[in-house]
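Take a look at the letters that make up each chain.
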Amino acid sequence: MLDGKRILVILGGGIAAYKLLDTIRGLRRKGAQTRVIMTRAAKQFVTPLSVASLSGEKVYDDMFDLTDETEIGHIQLSRDADVLLVAPATADLMAKMANGHCDDLATTCLLATDKPVLIAPAMNVRMWEHPATQTNLQTLKERGVTVIGPDEGEMACGEFGPGRLAEADAIIAAFDDHFASSPVGIVGGDVLPLAGKRVMITAGPTYEPIDPVRYIANRSSGKQGYAIARAAVALGAHVSLVSGPVHVDVPDGVEVIPVETAREMMAAARAELPAEIGIFTAAVADWRTVTPADQKMKKTAKSKTPKLELTENPDILATISQLKKDRPQLVVGFAAETENVIENAKAKLKRKGCDWIVANDVSQGTGVMGGSRNTVHIVTEDGEQAWPEMSKDEVARKLMAAIAAKVNASA
Ligand code: CTP
């Protein structure tokens with residue numbers, strides 16, 4: 001999909017700059033043409049020679065080079081590109097972009113361009129979390145800049161948290177998404193694989209009330225379901241996302257139906273059918289209180305510790321898998337397991353009557369609920385596939401590509 005696409009890379013000065021070498025190589029392997037501008041600081045971290053060898057082009061770095069200004073000025077550099085990538089987008093580069101500074105070739109091109117801009121931030125966690133950076137980030141987002149990452153993890157400075165440069169695969173995938181997303185489902189004359197298809201996704205936790213202020217819930221962040229919704233839109237699908245309460249940005253082009261309880265989720269999911277594809281990522285509470293109290297339960301001197309009487313919630317995945325009418329052509333469930341991942345997933349596939357189960361181990365490491373990475377197994381009636389650890393965005397894209405291939409093969 002990147003064949004012939006012209007990407008102007010603004011290479012910023014951060015410890016993660018060396019990682020861009022892989023990204024540039026990956027973009028070129030997919031057929032893109034890359035031209036790179038290095039900031040002065042970037043040259044402290046990688047040499048222009050390595051960058052030129054991988055990008056296959058002269059590296060630009062000084063707007064006052066008069067020869068270049070006559071041959072190819074900064075306006076021309078950004079005009080020649082289909083899209084710009086700023087990576088690593090340091091706190092300084094983001095601040096300059098947000099405020100319109102232009103004191104070198106990189107920032108001048110960024111101010112002069114009318115092309116889409118993608119940025120992959122990377123910096124120390126405290127610099128990332130600083131209100132100044134967050135305000136700049138918001139400004140850039142509001143102007144339509146696409147933000148890739150940052151990832152969370154251990155950093156070169158020894159601290160832990162968000163601020164790591166997104167992996168090369170994720171940056172390259174963002175370009176796939178960028179060139180794939182088209183409201184009418186057509187890119188460069190090719191019809192997208194899920195154009196005209198409906199996808200219904202459940203996501204997030206459910207809240208089961210105990211009284212007006214208290215509820216039973218779980219640690220689901222909703223990130224995986226939202227990432228799948230975004231990936232499905234990028235393939236041209238009409239996506240409805242039935243979502244429990246989460247703090248995740250709604251992807252462009254996705255219709256969200258907010259719900260709280262399992263029973264509300266069931267009714268909303270049912271109302272979104274018929275759909276060709278149903279994906280059930282929600283961590284639905286298995287039980288709810290039989291009778292939630294009308295008023296806040298009080299802890300008075302005489303009151304005993306309350307006992308909650310629970311009853312089972314409807315199983316949304318099993319119910320929709322077993323529908324006679326309106327069953328989606330492909331029903332995909334998720335299984336969060338803490339032991340015997342594959343056996344439990346196989347048993348769940350049978351018990352619920354769905355077609356695929358995406359299983360992950362939530363007991364340790366990257367699978368723990370709320371994280372941004374995932375290691376999953378795809379279990380179908382024909383067997384199973386183990387996928388390596390990757391970001392939730394990558395799981396989403398790979399899963400949606402596999403789903404599109406399956407649905408189109410059996411159409
Ligand atoms: N699911 C659902 N409705 C429920 C419970 C689960 O739709 N009431 C769906 C989830 O969205 C997920 C799959 O079923 O796709 C498996 O969820 P999980 O919680 O792992 O399964 P349970 O049936 O609750 O099994 P257990 O808790 O015994 O592992």
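Sequence order sets the numbering: in each chain, residues are counted from 1 along the sequence as written. Residue-level local features of this predicted model are given only where pLDDT is at least 70; pairs of side-chain atoms are given and counted only at 80 or more, and the full residue set underlies all totals for whole chains, interfaces and linings. Side-chain numbers here rest on the full set of heavy atoms in the structure, without hydrogens or water.

(A) Molecular detail of the pattern of salt bridges. By definition, a salt bridge exists where a carboxyl oxygen of Asp or Glu is found within 4 Å of a side-chain nitrogen of Lys or Arg. If you walk through the whole model with that rule in mind, you get 21 salt bridges. Linking aspartate 103 and lysine 96 is a salt bridge whose minimum nitrogen-to-oxygen distance equals 3.6 Å. A network of salt bridges, in which partner residues are shared, links Arg35, Glu57 and Asp80.

(B) Representation of the nonpolar core in the model. Buried Ala, Val, Leu, Ile, Met, Phe, Trp, Tyr and Cys residues form a nonpolar core when they are joined through side-chain atoms within 4.5 Å. A 1.4 Å probe rolled over the protein chains alone gives each residue an accessible area, and that area as a share of the maximum for its type sets the label: buried under 20%, exposed over 50%, partly exposed in between. Val239, Ile279, Leu399, Met400 and Ile403 are the most contacted members of the largest nonpolar core, which totals 34 residues. Residues are treated as being in contact if the distance between any of their heavy atoms lies within 4.5 Å. Setting aside residues up to four positions removed in sequence, isoleucine 279 forms contacts with Val199, Met200, Ile201, Thr202, Ile228, Val332, Phe334, Met400 and Ile403. Of all hydrophobic cores here, the second largest spans 32 residues; its members include Leu20, Val59, Leu118 and Ala166.

(C) Expanded view of the pairing of strand S18 (residues 330–337). Within S18, seven of the eight residues are buried, which leaves it mostly tucked inside the rest of the structure. Sheet topology places strand S15 (residues 277–280) next to S18; four bridges connect them, and they run parallel. Paired with isoleucine 277 across the two strands is leucine 330, which belongs to S18. Pairs of strands are assigned from DSSP output, requiring at least two bridges between the strands. Elements are defined by DSSP. Helices are runs of H or I of four residues or more, strands are runs of E of two residues or more, and each kind is numbered from the N terminus. Bridge count between S18 and strand S19 (residues 356–361): six bridges; the pairing is parallel. Within the sheet, the bridge partner assigned to valine 332 lies in S19 and is tryptophan 356. Between the parallel elements S18 and S19, the chain passes through helix H13 (residues 341–352) in a crossover that is right-handed. Consider the strands pointing away from the viewer: the crossover is right-handed when the path from the first strand over the helix to the second runs clockwise.

(D) Main features of the state of the cysteines. What counts as a disulfide here is a pair of cysteine sulfur atoms lying within 2.5 Å. Considering all chains together, one arrives at zero disulfides under this definition. Cysteine 109 takes part in no disulfide bond, and the closest cysteine sulfur, belonging to cysteine 102, lies 11 Å away.

(E) Spotlight on the packing of aromatic side chains. For Phe, Tyr and Trp, where Trp contributes only its six-membered ring, two rings pair if their centres lie within 6.5 Å, and the inter-plane angle classes them as stacked under 30 degrees, edge-to-face over 60, or tilted in between. Counting across every chain of the model gives one aromatic pair. Seen in terms of ring centroids, tyrosine 207 and tyrosine 215 are 3.8 Å apart; in terms of plane orientation they differ by 10°. Their pairing is stacked. Since its relative accessible area comes to 43%, tyrosine 215 is described here as partly exposed. Here, a charge over a ring means that NZ of Lys or CZ of Arg falls within 6 Å of the ring centre while also lying within 35 degrees of the ring normal. Above the face of the tyrosine 60 ring, lysine 58 is positioned so that its terminal group lies 5.4 Å from the ring centre. It is lysine 398 that lies over the ring of tryptophan 387; its NZ or CZ is 4.7 Å from the centre.

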